[in-house]
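# An overview of the molecular structure
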Amino acid sequence: MLDLIHSTKTHDEDRQGEALALPSTVEGSNGRKLYIESYGCQMNFSDSEIVASILLDKGFETTKDYKEADVIFINTCSIRENAEQRVRNRLKEFESAKAKNPGMIVGVLGCMAERLKSKFLEEEKLVDVVVGPDAYRDLPNLIEKVDDGSKAVNVLLSREETYADINPVRLNTNGISAFISIMRGCDNMCSFCVVPFTRGRERSRDTHSIVREARELYNAGYKEVTLLGQNVDSYKYTPEVPEGEESLPTVNFAQLLSLVAEVSPDLRVRFSTSHPKDITNEVLYTMARYENICNYIHLPVQSGNSRVLELMNRTYDREWYKERVDAIRRIIPECGISTDVITGFCTETEEEHQETLSMMEYVKYDFAYMFAYSERPGTLAAKRYEDDIPEEIKKRRLTEVVNLQREHSLYRLQHFVGKVHKVLIEGFSKRSDKDYCGRNDQNTMVVFPVDERYKVGDYVYVLGQSCTSATLIGKIVD
Ligand code: SAH
Ligand code: SF4
Ligand code: F3S
């Protein structure tokens, strides 16, 4: 795994599968146990909470041990070839469990299900059910079909489905931070990307249901919400007009942000991902206006070269991107900025790769997710361009990008030393229960000794005393 540098990941597609389970038994059980493992971006993890909600309603319980499950779901990612390979390897591991318990149902959900459709059933014999991201309401019905002895597939994409009315079951939560899906799909058609094919058309979720979810989370003790979408800045929702009533204005992302920020000044608001072509000054001014909207923007650049950006169909160029960064620095001087980079995209020359490095020098990102280009079947790039950069060159360029990013992360963290940061205590540090951990406004992980006066979920002020390239180390100050 090459994205080494950060600790809290909002869209880490290479994230290892994680089992999600509720801590205790639920009333009204049908006696069957569900095991869900999720891969890919945070949206997949968020979808797994919707899937759990749909099945818990039908009396399922969740388990963290796939060996004791009656239904195993694997929520999959297609973004790069290795993401798919990981899922296939994992499916192999389920084989022996299924051999011991022939009644066990194995289902593939998410982006790989959507990409491969019923082909999955031919390729992986142990799979009983294949369900795309817009078809989760159909799961109880599909499980019934499998119970009756057939295989089941539903990979229909929808133009409307946002699961707005489904209350996600918060799985494996720290009770402090939660994700709220605000839109689904993507209309951007970046030439390297499989998401528009696996997730369908872009649609925004009802504003009221988003604000309601944020309020409910806050009332349940949560202190931080992250609004999720592939391209949050193009959020746009026009409320339906009841008979005889006047129409209400369309809500854009900046307005949604302020509505969520208004839920409480004690509720931190984050969001991901911003597309450089869409992030507006209105969004930046809204961030500057509310103390509780965190000063952190994930702004994937992909490449620093305008010709490559054009081939990628990103619809902005180097100058546009730099101007957006300048605007962020001007309007929110303390803002953390992170990015995604792809190395070795079709026809990328050495000089063009250097422009990615010089863009990194220009911005000095706090953090980056970095990838070697992986051709995905069916995408525009796969159809139009030859994947002509040899693997070892892609990897060498990637190493250069990773090394430079490590320097920049260290540079950013060193600037946090000697300053006081408002930190939301998220839990105990991974290394020791004598330390708390939490993030500052800029999304950097901060570790500091436990102070009995404060508990998980409290805000504290922490003086940065030292750092690595990934973590700020400090102590609470009053
Ligand atoms: N919606 C987000 C990105 C979602 S995918 C955006 O537009 O920025 C997350 C990241 O995976 C992308 O930003 C890109 O850097 C990377 N990625 C997507 N397709 C890829 C491919 N075919 N090969 C390598 N990296 C890819
Ligand atoms: Fe993929 Fe581009 Fe959409 Fe992001 S904006 S999900 S990279 S098509
Ligand atoms: Fe992967 Fe699908 Fe997310 S392809 S990155 S899980 S939208």
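Rules used throughout
- Counting restarts for each chain: residues are numbered from 1 in the order of the written sequence.
- As they are written, the chains are lettered A onward and the ligands numbered 1 onward, keeping that order.
- Local features in this predicted model are restricted to residues of pLDDT 70 or higher, and side-chain atom pairs are both shown and tallied only at a pLDDT of 80 or more, whereas totals for entire chains, interfaces and linings draw on every residue.
- Side-chain measures were taken over the full set of non-hydrogen atoms in the model, leaving aside hydrogen atoms and water.
- For helices the rule is a DSSP run of H or I covering at least 4 residues; for strands it is a run of E covering at least 2, with both sets numbered from the N terminus onward.
- Each radius of gyration reported is based on C-alpha atoms, and the globular scaling rule is 2.2 Å times the count of residues to the power 0.38.
- Accessible area is worked out with a 1.4 Å probe on protein chains only. A residue is then buried under 20% of its type maximum, exposed over 50%, and partly exposed in between.
- Two strands qualify as a pair provided DSSP detects at least 2 bridges between them.
- For helices, the fitted line uses only the C-alpha atoms of the stretch in contact; every axis is such a line through C-alpha atoms, and the angle between N-to-C directions lies from 0 to 180 degrees.
- The contact rule is simple, with two residues in contact once any of their heavy atoms fall within 4.5 Å.
- We call a residue near a molecule or strand when any one of its heavy atoms sits within 4 Å of it.
- Under the rule applied, a polar contact is a pair of N or O atoms within 3.5 Å (in protein, one hydrogen donor and one hydrogen acceptor; residues adjacent in sequence only if both atoms are side-chain atoms).
- Throughout, the Shrake-Rupley method with a 1.4 Å probe supplies accessible areas, and for residues the shown protein chains are the sole cover considered.
- Each residue gets one label: Ala, Val, Leu, Ile, Met, Phe, Trp, Tyr, Cys and Pro are nonpolar, Asp, Glu, Lys and Arg are charged, and the others, such as Gly, are polar.
- What counts as a domain boundary in this text is fixed by an automatic or database domain assignment.
- UniProt positions are given in the numbering used here, feature names are shortened, and annotations may be inferred rather than shown by experiment.
- We define a nonpolar core as any set of buried Ala, Val, Leu, Ile, Met, Phe, Trp, Tyr and Cys residues linked to one another through side-chain atoms lying within 4.5 Å.
- Aromatic contacts are taken between Phe, Tyr and Trp rings whose centres are within 6.5 Å, Trp giving its six-membered ring; a plane angle under 30 degrees counts as stacked, one over 60 as edge-to-face, and the others as tilted.
- Any Lys NZ or Arg CZ found within 6 Å of a ring centre and within 35 degrees of that ring's normal is scored as a charge over the ring.

Further remarks concern the overall build of the protein chain. If you tally the helices and strands in the protein chain, you get 14 helices and 22 strands. Taking 2.2 N^0.38 as the reference for a compact globule, 478 residues should give roughly 23 Å; the C-alpha atoms of the protein chain span a radius of gyration of 22 Å, in line with that estimate. When the backbone C-alpha atoms are referred to their principal axes, the protein chain occupies close to 65 × 60 × 60 Å. Across the 478 residues that make up the protein chain, the buried fraction comes to 60%.

All right, on to the sheet that holds strand β8 (residues 177-181) then. The parallel open sheet is built from three strands, whose spatial order is β8-β11-β14. The sheet is open, and its two edges are formed by β8 and β14 (268-272), each paired on a single side. Pairwise comparison of adjacent strand axes, ignoring direction, gives a mean angle of 25° for this sheet. Sheet topology places β8 next to strand β11 (residues 224-228); five bridges connect them, and they run parallel. Across the sheet, the residue bridging to I180 is L227, located in β11. On the sheet, helix α7 (residues 207-219) packs against β8 and β11 and is oriented at approximately 170° with respect to β8.

We now examine the site of ligand 1. In the vicinity of ligand 1 lie 17 residues, with Q230, P300, Q302, D340 and S374 positioned nearest. Measuring from a nitrogen atom of ligand 1, one finds a side-chain N or O atom of Q230 at 2.8 Å. Between an oxygen atom of ligand 1 and a side-chain N or O atom of D340, the distance comes to 2.5 Å. Notes on ligand 1: free accessible area 540 Å², of which the protein chains cover 96%. The set of elements that each furnish at least two residues to the shell around ligand 1 consists of β16 (336-343) and β17 (367-372). Residues that form the shell around ligand 1 fall into these classes: seven nonpolar, five polar and five charged. Taken together, domain 1 (9-154) and domain 2 (177-237 + 248-414) each give at least three residues to the shell around ligand 1, which thus spans both.

It is worth spelling out the UniProt feature "domain: MTTase N-terminal" (unreviewed entry) in the protein chain at this point. In the numbering adopted here, UniProt assigns the feature "domain: MTTase N-terminal" (unreviewed entry) to residues 32-148. Across residues 32-148, the secondary structure splits into 48% helix and 20% strand, with the terminal C-alpha atoms separated by 16 Å.

In this section: the nonpolar core. Soluble globular proteins tend to bury their nonpolar side chains together. L91, I182, L227, F253 and M287 are the most contacted members of the largest nonpolar core, which has 96 residues in total. Among the elements that take part in this core, helix α8 (residues 253-261) stands out by supplying six residues, more than any other. There are two domains that each give this core at least three residues, and those are domain 1 (9-154) and domain 2 (177-237 + 248-414). In this structure, I50, I54, A152 and L171 belong to the second largest nonpolar core, which totals 26 residues.

Turning our eyes to something else, we now look at the UniProt feature "binding site: [4Fe-4S] cluster 1" (unreviewed entry) in the protein chain. Per the UniProt entry, the sites bearing "binding site: [4Fe-4S] cluster 1" (unreviewed entry) are C41, C77 and C111 in this numbering. Considering the C-alpha atoms alone, the annotated residues occupy 71 residues of sequence yet fold into one spot, their largest mutual distance being 10.4 Å. Topologically, C77 is positioned in the loop between β4 (71-76) and α2 (81-100). Checked against the element boundaries, C111 lands in helix α3 (residues 111-116). Given a relative accessible area of 8%, C111 falls into the buried group. If near-sequence neighbours (up to four positions away) are discounted, C111 is found in contact with T76, C77, S78, T198 and R199.

Applying the stated criterion to the full structure yields twelve aromatic pairs. Here F253 and F271 contribute two aromatic rings whose centre-to-centre distance is 5.2 Å and whose plane-to-plane angle is 75°, an arrangement assigned as edge-to-face. Remark: F271 occurs in strand β14 and F253 occurs in helix α8; sequence separation between them is 18 residues. Among the aromatic residues, those joined into a cluster by ring pairs are F192, F345, Y373 and Y385. In this structure, R88 is placed above the aromatic ring of F120, and the distance from its NZ or CZ to the ring centre is 5.6 Å. Of note, K364 hangs over the ring of Y411, and the distance from its end group to the ring centre comes to 5.6 Å.

Negative phi characterises most residues that are not glycine, and trans characterises most peptide bonds. Look at the link from S272 to T273: it is a cis peptide, with omega at 10°. One can find T273 in the loop between β14 and α9 (281-289). Phi is positive for N313, close to 60°, though the residue is something other than glycine. In this structure N313 comes out as partly exposed when scored by relative accessible area, which is 27%. Even without being a glycine, N443 presents a positive backbone phi close to 80°. Among the structural elements, N443 can be located in the loop between β19 (435-439) and β20 (445-449). A relative accessible area of 2% places N443 in the buried class.

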